[in-house]
Amino acid sequence: MRVFDVLIVGAGAAGLTLAHTGAGAALPGAGAPEIALLDPPVGAARPKDRTWCFWEHGAGRWDAVLAARWDRLSVVAPSGARQERATGPLSYKMLRSRDFTEHVRTGLAPNVHPCTATVTAIEDGTDHATVHASRPDGSEVRLRARWVFDSRPLPAPPAARTTLLQHFRGWFVRTGEDAFDPGTAVLMDLRTPQPRAGVSFGYLLPLSSRDALVEYTEFTREVLDDAGYDAALRRYTGRVLGLEGFTVTASEQGVIPMTDGRFRTRVGRRVFRLGAAGGATRPSTGYTFSGIQRQAAAVVRALEEGRTPVPPIPHRRRHLAMDAVLLRALDTGRLDGADFFARLFARNDMRDVLDFLDGRSAFTRELAMGVTTPIAPMAVTALERALLAMRPPPRAP
Ligand SMILES: Cc1cc2nc3c(=O)[nH]c(=O)nc-3n(C[C@H](O)[C@H](O)[C@H](O)COP(=O)(O)OP(=O)(O)OC[C@H]3O[C@@H](n4cnc5c(N)ncnc54)[C@H](O)[C@@H]3O)c2cc1C
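Thresholds applied
- Residues numbered from 1 in each chain as written.
- Predicted model: local features only at pLDDT ≥ 70, side-chain atom pairs only at ≥ 80, totals over all residues.
- Heavy atoms only, no water.
- Buried < 20%, exposed > 50% of the residue type's maximum accessible area, 1.4 Å probe, protein only.
- Helix = DSSP H or I, 4+ residues; strand = E, 2+ residues; numbered from the N terminus.
- Pairing = 2+ DSSP bridges.
- Domains from an automatic or database assignment.
- Buried area = accessible area lost by both parts, 1.4 Å probe.
- Salt bridge = Lys/Arg side-chain N within 4 Å of Asp/Glu carboxyl O.
- Polar contact = N/O pair within 3.5 Å; in protein donor to acceptor, adjacent residues only side chain to side chain.
- Nonpolar A, V, L, I, M, F, W, Y, C, P; charged D, E, K, R; others polar.
- Lys, Arg positive; Asp, Glu negative; His and termini not counted.
- Contact = heavy atoms within 4.5 Å.
- Arc of directions from axis to C-beta.

## With respect to the pairing of strand β15 (residues 211-220)
β15 sits mainly inside the fold: 10 of its 10 residues count as buried. Burial along β15 is two-sided: D211, L213, E215, T217 and F219 and A212, V214, Y216, E218 and T220, pointing in opposite directions, are all buried. Direction of pairing for strand β12 (residues 163-175) relative to β15: antiparallel, over a ladder of 10 bridges. Paired with Q166 across the two strands is F219, which belongs to β15. As paired elements, strand β14 (residues 199-206) and β15 share eight bridges and run antiparallel to each other. Each residue of the ladder has a partner; that of F201, found in β15, is T217. Where β14 folds back on β15, the antiparallel hairpin that results is connected by four residues.

Structure representation (structure tokens):
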């Protein structure tokens, strides 16, 4: 049976990024890798269309398919005080999953072999792993590969001391009159009613003066029901933004675990986890797309250098430790989340905050930022976490 060099399970953001990056790799002494890419047919296992936002310095590899980009961002405090800043050389970019998928799939190199099949089992081995899958017609398929990267969502987040959910619903709205400034995206509008523990905020991505994606987001333990999201969005668009007479042309919704649990990316001799399932999500923000890009680049480097291509967790340890403190401070209700984020953006250069959230900041900058946040609740929580670390580690849910 043919043995692929690489087999990727799942053609979402992580799977497609790895296929796209890996296709051009040069394996030591062997040329380009033969890559199999497995994704189920349209149905329950396939994620719904979504938009991914991320920021980067200058031009980037997905610029040709962006839906929008902004070079000004704002954050609005609960009081209504607005911090609006030019972010150059950083740009905030929006990519629709549909456009990204089409772009990557239509440009796949001949050494990438897509296959519509639902993976049912992965068998590890010494020299290769075997992937079992079923095709849409019910027939079974068995494929072998030297390295298998599995990006299927985990059934549950890993065991953790603190897990919050970033959960949100967004409406694509169209207004009858000019209502938005297409030059500025609103990263956090904290004028929403705040939960007892955690934080809530509005998020506004204007696509023209009359079109925008408006979201209501919470970092809390429990998701809302449909009526809860719709009520929150009606309140935000009506009372806070003062929008009248708009139509909702589409909507999107999601839940992203924000956890201090440890993700394992190596799950066998030949099998690895990738993407959100492989710890690519930054725990304090839920942003994952940039982490996925760094993870895929590191895997391809390892393949080219002939090393075992274990996907790294694409966040620094100290950032994960800081995020763990923040998550716990929010979850205990000790930290006023809206005040925390408002202060963070008001007292620091927005570019520094964004660099920090993307893992690019220097430690000294981070210390300077740290002292602009409420020190007491963060210090108490850091101490509490240090004490908790002496207890046995948490067990998987
Ligand atoms: C609505 C929404 C909006 C988001 N917005 C942002 C954002 O703006 N910025 C950001 O950085 N992050 C965002 N995220 C978080 C993160 O970027 C996304 O969840 C992203 O899609 C994760 O990519 P992934 O490839 O790891 O997982 P997924 O995109 O979920 O891909 C998993 C793949 O596995 C496949 N699969 C599932 N079961 C099987 C099976 N049995 N066999 C084979 N394949 C299988 C699926 O078809 C899918 O293609 C958002 C998340 C959601 C839900």
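## A look at the domain arrangement of the chain
Domain assignment breaks the chain into domain 1 (3-50 + 96-158 + 260-304), domain 2 (163-259) and domain 3 (317-388). Just the C-alpha atoms count here: the centres of domain 1 and domain 2 sit 31 Å apart. In total, about 860 Å² of surface goes out of reach between domain 1 and domain 2, with carbon and sulfur atoms giving 52% of it. In this assembly, domain 1 and domain 2 are joined by zero salt bridges. Counting the contacts that link domain 1 with domain 2 gives two residue pairs in polar contact (both at pLDDT 80 or more). Tallied by class, the residues present in the side of domain 1 that touches domain 2 amount to five nonpolar, five polar and four charged.

## Section: the pattern of salt bridges
A full pass over the atoms with the stated rule returns 26 salt bridges. For K93, the salt bridge is made with D63, and the minimal N-O distance between the two is 2.8 Å. With K93 in strand β7 (residues 90-96) and D63 in the loop between β3 (51-57) and β4 (66-70), the pair connects residues that are 30 residues apart, well separated along the chain. Residue K93 is classed as buried on the basis of its relative accessible area of 0%.

## Considerations on unusual backbone geometry
Comment: phi is negative for the bulk of residues other than glycine, and the bulk of peptide bonds are trans. Here the residue pair G88 and P89 is connected by a cis peptide bond, since its omega of 5° sits within 30 degrees of zero. On the secondary structure map, P89 appears in the loop between β6 (82-86) and β7.

## Here's the deal with the side chain of E218
Inspection of the secondary structure assignment puts E218 in strand β15. Buried charge without a partner: E218 forms no salt bridge, and the closest opposite charge is R235, 7.5 Å away. There is a polar contact of 2.6 Å between the side chain of E218 and the side chain of Y216. For E218, the residues in contact, after removing those within four places along its chain, are L165, Q166, H167, V199, S200 and L224.

## Observations regarding helix α2 (residues 97-106)
Buried within α2 we find S97, F100 and V104. Buried residues along α2 cover an arc of 65° about the axis, so they all sit on one side. In α2, those exposed residues whose orientation departs by more than 90 degrees from the buried face are E102 and T106. For α2, the secondary structure elements touched by its buried residues are α1 (13-22), β3, β7 and α4 (289-304).

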